[in-house]
2 protein chains.
Amino acid sequence: MNCSSPSKKLDYALAVLKERGHRLTSPRRAILELMAEESRPLAAEDIRKQVERQNPCDLATVYRNMDACLDAGIVQKCMLENGKILFELVGEHDHHHHIICRKCERTERINLCLADEMEEIATSLGFTEVDHVMELYGVCGDCR
Amino acid sequence: MNCSSPSKKLDYALAVLKERGHRLTSPRRAILELMAEESRPLAAEDIRKQVERQNPCDLATVYRNMDACLDAGIVQKCMLENGKILFELVGEHDHHHHIICRKCERTERINLCLADEMEEIATSLGFTEVDHVMELYGVCGDCR
DNA sequence: ATTATTGCAAACCCTTTGCAACTTA
DNA sequence: TAAGTTGCAAAGGGTTTGCAATAAT
């Protein structure tokens, strides 16, 4: 079911960042290790809290790392209905979506994406570097 | 191309709100008139600025009206990549998506939605009241 | 040695909330 | 007259930024 194991995802992420001239610091390593382990999208604050159980880690550091990882294409955003943003480390060819519970914010992975046709339309409208975000929202079994 | 004319959309919105026991105040009327006229998603602040050219209108009033309209299903959210939220008045059976320019934030309507299959998956995972948001992002012809 | 990266604190922005005054039905 | 709605001002919460200190290559 899972496209790539935690350690593979971590190795891939480290390789991509190195390739791009980034340095491997201990907060960065801790953040990526956590995200590779955790297979769900996380809020910046959650990442900081969990990383901080081992090493101190500033929120700004998390955000700056997320920026770098988004640019590098190894992190994917997930947007809550209220505009809050979650981050998820992804492997190669690992694009997917989620169904998010409105009440507890639990996310469940959905390994399906039908956006190709829509991206073609966007391209035909003159847009380049087309990408997309899609989120499903609902109320999960536990919260009903 | 356009599913419903401005005046129809406005009438529909007013009817739905009345049906739900809401009152028709002058800021509310002005907000809805503007949104019916404007066929694109707008930020709360944009709505306020434009409405204020005729009547004074507080930002909190805009947000509270958007809440009411979202509950009533006559307004649809549109999320920018940075988490900012735009609002768009929609008619009956008027669900659609957008391609949004990363640079100028211009939005172009895309009259296609392929989310049914994904919503079915979400339902099969035990979620109820399933809904979705999908946004395409790119760089438009003018900004390239 | 060079330059990316970090921590800290402050700034930012959008959004929400409390409350008294005002309107609508 | 009762209850929804508004304006104002303040608070909230997530995200970004400047800068000097630090650490990686």
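Our structure is the block above this text.
No experiment lies behind these values; they were computed from the predicted model shown. (Residues numbered from 1 in each chain as written. Chains lettered and ligands numbered in written order. Predicted model: local features only at pLDDT ≥ 70, side-chain atom pairs only at ≥ 80, totals over all residues. Heavy atoms only, no water.)

Right, let's get into the packing of helix 2 (residues 26–37) of chain B against helix 3 (residues 44–51) of chain B. How two helices pack is summed up by the angle between their axes together with the distance between the axes. All names here are of chain B. Viewed as axis vectors pointing N to C, helix 2 and helix 3 meet at an angle of 110°, and their least axial separation amounts to 10 Å. The orientation of helix 2 relative to helix 3 falls into the category roughly perpendicular. Here helix 2 contributes Ala30, Ile31, Leu34 and Met35 to the contact with helix 3, which in turn contributes Ile47, Gln50 and Val51. (Axes fitted to C-alpha atoms, helices over the stretch in contact; angles between N-to-C directions. Helix = DSSP H or I, 4+ residues; strand = E, 2+ residues; numbered from the N terminus. Parallel < 35°, antiparallel > 145°, perpendicular 65-115°, else oblique. Contact = heavy atoms within 4.5 Å.)

It is worth spelling out the pattern of salt bridges at this point. Residues and elements named next belong to chain A. Scanning all chains against the criterion turns up 14 salt bridges over all chains. The salt bridge involving Arg48 is made with Glu52; its shortest N-O contact spans 3.0 Å. Looking at Arg48, the relative accessible area reads 18%, which means it is buried. Here Glu81 and Arg102 are joined by a salt bridge, their closest N and O atoms 3.0 Å apart. Highlighted residues: Glu81 in the loop between strand 2 (75–79) and strand 3 (85–89) and Arg102 in the loop between strand 4 (97–101) and strand 5 (107–110), separated in sequence by 21 residues. By relative accessible area, Glu81 is classed as partly exposed at 26%. Three or more residues joined by partner-sharing salt bridges are found here, namely Glu45, Arg48 and Glu52. (Salt bridge = Lys/Arg side-chain N within 4 Å of Asp/Glu carboxyl O. Buried < 20%, exposed > 50% of the residue type's maximum accessible area, 1.4 Å probe, protein only.)

All names here are of chain B. For the pair helix 2 and helix 4 (residues 59–72), interaxial distance at closest approach is 11 Å and the crossing angle is 70°. For the element pair helix 2 / helix 4, the angle class is roughly perpendicular. Our pair here, helix 2 against helix 4, has a crossing hand that is right-handed. Contact residues: Pro27, Arg28, Ile31, Leu32 and Met35 in helix 2; Thr61, Val62, Asn65, Met66 and Cys69 in helix 4. Grouping the amino acids of the contact of helix 2 with helix 4 by side-chain chemistry returns 7 nonpolar, 2 polar and 1 charged. (Left-handed = near helix turned anticlockwise from the far one by under 90°. Nonpolar A, V, L, I, M, F, W, Y, C, P; charged D, E, K, R; others polar.)

Along the chain, Glu135 of chain B turns up in strand 6 (residues 128–139). Despite being buried, Glu135 of chain B has no salt bridge partner; Lys77 of chain B is the closest side chain of opposite charge, sitting 10 Å away. Only 3.1 Å separates the side chain of Glu135 of chain B from the backbone nitrogen of Met79 of chain B, close enough to count as a polar contact. Ignoring any residue separated from it by four or fewer positions in sequence, one finds Glu135 of chain B in contact with Asp131, His132 and Val133 of chain A together with Lys77, Cys78, Met79, His98 and Ile100 of chain B. (Lys, Arg positive; Asp, Glu negative; His and termini not counted. Polar contact = N/O pair within 3.5 Å; in protein donor to acceptor, adjacent residues only side chain to side chain.)

Moving on to the relation of the copies chain B and chain A. With an axial shift of 0.0 Å and an RMSD of 0.0 Å, the rotation relating chain B to chain A amounts to 180°. Such a combination of turn and shift is consistent with a two-fold rotation axis. Same-surface contact between copies: 100% of interface residues of chain B are shared with the interface of chain A. (Least-squares fit on C-alpha atoms with pLDDT ≥ 70 in both.)

With 41 residues of chain B at the interface, the matching set in chain A holds 41 residues. Of the roughly 3400 Å² buried where chain B meets chain A, counting both sides, 69% is carbon and sulfur surface. Area buried by chain B at its contact with chain A is led by Met118, Phe127 and Met134 of chain B, which between them contribute 21% of it. Applying the counting rule to chain B against chain A returns 14 residue pairs in polar contact (both at pLDDT 80 or more). Of all the elements, strand 6 of chain B adds the most residues to the side of chain B that touches chain A, at 12 residues. Considered class by class, the residues forming the side of chain B that touches chain A number 22 nonpolar, 8 polar and 11 charged. In terms of strand pairing, strand 6 (residues 128–139) of chain A meets strand 6 of chain B through 9 bridges, oriented antiparallel. What sits directly across from Met134 of chain A, in strand 6 of chain B, is Met134 of chain B. (Buried area = accessible area lost by both parts, 1.4 Å probe. Pairing = 2+ DSSP bridges.)

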